[in-house]
Structure formats: C-alpha cells, structure tokens
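Here's the letter readout for the chains.
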Amino acid sequence: MNTEYDIDLVERYFDNELSEGESALVVKRLKTDAEFKAVFDRERALIRSIRAAGLSRDLQLLKEIERGISASSQGTVRRIQPWYYAAAAAVVLFAVATVWLFPNRQTPDELFNDYFTPVSNTFAPTLRSETLSQPEAFMYYDRGDYATAASLFGEMLVQEANPDVLLLSANANLAAGNTSVAEEHLLTLIRDFDEYDTPAKWYLGLCYLKQGNVDKARTVLEELGQREVFYTGQARELLRKVK
Amino acid sequence: MVREDIIGKIRSGGPAGLAMIYEEHRDEFLHWIRKEYGCSEDDSKDIYQIAILAFYDNVRTGKLQHLVSSIKTYLFGIGKNIVRDTMRKSTRHIAIDQERWLNENLIDEPGDTMPEQLLASAKSALERLGEPCRKLVEMFYYERKSMEEIVAALNYKNAEVAKNQKCKCMKRLRRLCEEEMKRTSITINHEY
C-alpha cells in the first residue's frame, strides 16, 4: 500500500537519513513489495530528472563559456585569465540589474539613502541603566554619533545577545557604513528572536541595498510587501523602485 | 590554488568556479587530445566539457574527496576513458552525445533501467514545478548543498524551515509526476 510512511521512508533513504536497520528494511521490501518498489522507482526517477536538468544547465553554461573563449581568441592569441569569467559575469549581472531593476537610474546606494532612517531609540530607561553594561551607548545613538554607539553596542552584545540592543546596534552599524556587522545582527534577530522580525527585515532589505545586493534586497522586501505590517507601505513603494 | 582548496571551492561555489576550472586546463587538454587521438576540434571541446562536468560531479557527490594527482591528470584520465568508450562502441566517427554520456555515466547506475514513461513523466513534472521549488530541489539533489547553504542562498529562516520546504516541494513534484503518468497513459490508450 502506498502510504505516507512509505513515501517518507523512501525520501529519507535517498537523503541518506536512515539508520542501517531502516536501510536494510528498504532493500528487503524492494525485493518483495511491488507497490513499495513503485514508490521507490518514482522517487528515483524524480531525483534523476533533477540531476539531469542540473547537468544539462551546467553543460549549456560551459558551451557559453566556450563560445566566449572562441570569439575572443579569433584574431588574437592572448590568453584570457580565469578571473575574467567571474568579472565578466559580475559586470553582465550588474548591467542587467541596473537596466532592468532601475529604469529611473537610481542606484541601490541612492535608494538606501532615500529610505534609511535609523530606528527610533524608544527603549525604556530601566533597560538602559540597570541591566546593560554600556548605557552611554544610547546617548551616542540619540546624538547621531553612530560609530561610537556601534562600538559600545558591540561590547554589550559580547556579554548578552539582547534583541533591543541587536536592533539598535544593527542600525548604528548601518548608519556608520558597517554593513556586514549590521547584516549579521539583523539575521541573528530574525533567526533567534521573535520581537523584531518586521523591522529587522526592513532594515535587512536596506542593508542589502547598501551592499549592492539587489536580488537579496528584493526577496526581503517582497516578503514584507505581502503582509500587512508596519513597514508594508514603505516596502511596497521601495520594491516598485527596486523592480 | 592548493588541490584541496579547489575541491572545497567546488563544493561551496557556483558557476564562476566552474568557469575558472574550465579555462585553466582548456588549452592544454584540447592540444593533448587532438594530438593523442586525432579528435576534431569540436569533438575535443565536447569531450573536455564532459570531463569537466564529470570532475565537478564527482567532487559534489563525494566520490572524489582527495586528489592523489593533479586536476590536470584527473581530467586527462576522464578524457581518455571517454575517447576509448566512444571508439569501442563505434568503428566510424559519430559525434558524441554529451547529455546521453553524462546521464549514462553520472546518473544511472550500471545495469539499471527505468520505464521510459516514468522518466518522461518525471521530466515533465520537474518542468512544471516552478520556483522557488525547482531551485531548492536542484540545490539539494544536484549541487548537494547543505541545508545551511540553502538557507543562506534562498533566505529561509533556518535549516528546519528549509528542510520542511524541500519536503513540500518534493511532495508537489510527486503529485505532478502522478498527473503526468495518468495523462500519458490516457494518451497512449487513445492512440490504440
């Protein structure tokens, strides 16, 4: 009988997640149970088609590369350096992204500057003075000295990963131009805490724009734009410009 | 680059890595195979492309974990096997069917046969699967990416979410495959 259990067993077999005993059971049933074998064969055919499609795609990629080499070597014997392909791919991608995604010629950096405003520091004074090691960080943040605030928030986070501090620290780092630190804090916030998923995603989208990673920015903004949350309006507006 | 570094780069990298390896050994390989076996320029390129993909696939699937020789020697070895295999099967010149060679040597198990109708249905089902499912299952089953790598590339919340999504995508793919199987069997019956 074609049961959910059998399908799950077969899927885990192909994903190498079965114990020795379970694997032995699969092998045994393949010899004696025709219906189970049909479930197994269908899974094998599907995985085969996935792998064949991947190989076919990579083969086409190599043919494209070969055409590029042949074209560039006609009339010249200059050897093309390996890095050329990565650079060429990046240039093509960037050109496509710029033309397709930014018909109004606003660059990701310009969009970031238009839309980025550091999150308001509305955290309770008790949190600032009693439980945290660097309460003056909030003061620097309020004054707009984001580089100093980012440094102090960093020290606080070494002691404890507090979601309020993570959000402020991400914003301070984003304002100070430390996008990799900001990205790390925002991803931690989304992954490990539930309190600030929405603002974290908004600022993550902006962070990716600042980094020039348009695809990632679009993915995050699309997700925000699909829900009715505080940042939805802004996300949809920005997404229209990014698209 | 150190050999083990290259293997690591292939496992974690994308198309740019494939392009770099391709270009790095291309001229020497083409020169060698034309001189050694008298292959035409087009056949030499076809064989080289197969050799590169076989090397890549062996790294990804874990069949090749440590290189005992250089990449060049490994690629030349695959090239030699492809030429001999082709010569054994035919005494006259026939252009190499690259996709067929890749499927027979990298995907199918020796002596393993599956009904053509099932394979065709699986292929059609995959074409109908849509994104992001197609990308996800391809990253998992073809590129052999870990769930953590898939999380980073496709922006899932965590590995568990990505795993659940992969299971849902496979469920959808099975359903599409069943639909294709039914559709094909109805078509076949109508032909008689």
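Residues numbered from 1 in each chain as written. Chains lettered and ligands numbered in written order. Predicted model: local features only at pLDDT ≥ 70, side-chain atom pairs only at ≥ 80, totals over all residues. Heavy atoms only, no water.

Along its length, chain A carries 13 helices and zero strands. Written out in order from the N terminus, the α and β elements of chain A read α-α-α-α-α-α-α-α-α-α-α-α-α. By the burial criterion, 46% of the 243 residues in chain A qualify as buried. Sequence separation of at least 24 residues holds for 51% of the intrachain contacts in chain A that already meet a minimum separation of 6. For chain A, the accessible surface area stands at approximately 12,700 Å², while carbon and sulfur atoms represent 54% of it. (Helix = DSSP H or I, 4+ residues; strand = E, 2+ residues; numbered from the N terminus. Buried < 20%, exposed > 50% of the residue type's maximum accessible area, 1.4 Å probe, protein only. Contact = heavy atoms within 4.5 Å. Areas by Shrake-Rupley, 256 points an atom, 1.4 Å probe, with all protein chains shown as cover.)

Moving on, we get to the confidence of the model for chain B. All names here are of chain B. Per-residue confidence for chain B gives a mean pLDDT of 81, with 82% of residues at or over 70. Helix α7 (residues 133-141) holds the highest mean pLDDT among the elements of chain B, 91, whereas helix α1 (residues 3-12) holds the lowest, 65. With pTM at 0.58, the complex prediction returns an ipTM value of 0.86. (pLDDT = per-residue confidence, 0-100.)

Quick look at the packing of helix α11 (residues 197-211) of chain A against helix α12 (residues 214-225) of chain A now. All names here are of chain A. Running from amino to carboxyl end, α11 crosses α12 at an angle of 155°, the nearest separation of the two axes being 8 Å. Regarding the angle of α11 to α12, the classification is roughly antiparallel. Relative to α12, the crossing made by α11 is left-handed. Of the residues in α12, those touching α11 at T198, K201, W202, L204, G205, Y208 and L209 are K216, A217, V220, L221, E223 and L224. Considering only residue class, the contact of α11 with α12 consists of eight nonpolar, two polar and three charged. (Axes fitted to C-alpha atoms, helices over the stretch in contact; angles between N-to-C directions. Parallel < 35°, antiparallel > 145°, perpendicular 65-115°, else oblique. Left-handed = near helix turned anticlockwise from the far one by under 90°. Nonpolar A, V, L, I, M, F, W, Y, C, P; charged D, E, K, R; others polar.)

Counting residues in hydrophobic clusters, the biggest one holds 44 residues, and the most contacted among them are F153, L186, W202, Y203, L206, L209 and L238 of chain A. At the level of elements, α5 (108-115), α7 (136-143), α8 (146-159), α9 (163-176), α10 (179-192), α11, α12 and α13 (232-242) of chain A are the ones that each hand at least two residues to this core. The element best represented in this core is α11 of chain A, accounting for eight residues. By size, the runner-up hydrophobic cluster in this structure holds 39 residues, among which are I65 and I69 of chain A together with W32 and V59 of chain B. (Core = buried A, V, L, I, M, F, W, Y, C linked by side-chain atoms within 4.5 Å.)

Attention shifts here to the pattern of salt bridges. Enumeration over the complete set of coordinates arrives at 34 salt bridges over all chains. A salt bridge links D57 of chain B to R51 of chain A, with the shortest nitrogen-to-oxygen separation between them at 2.9 Å. Taken as a pair, D57 of chain B in helix α3 (residues 41-60) and R51 of chain A in helix α3 (residues 34-73) lie in two separate chains rather than in one. Comparing D57 of chain B with R51 of chain A shows no difference in burial state: the two are buried. In this structure, the salt-bridge partner of R183 of chain B is E180 of chain B, at a minimum N-O distance of 2.8 Å. Within this pair, R183 of chain B and its partner E180 of chain B are both found in helix α9 (residues 159-191), separated by three residues, close to a single helical turn. Residue classification places E180 of chain B among the buried positions, given a relative accessible area of 4%. Salt bridges linked by common partners bring R57 and D58 of chain A together with R60, R134, K135, E138 and E143 of chain B together as one network. (Salt bridge = Lys/Arg side-chain N within 4 Å of Asp/Glu carboxyl O.)

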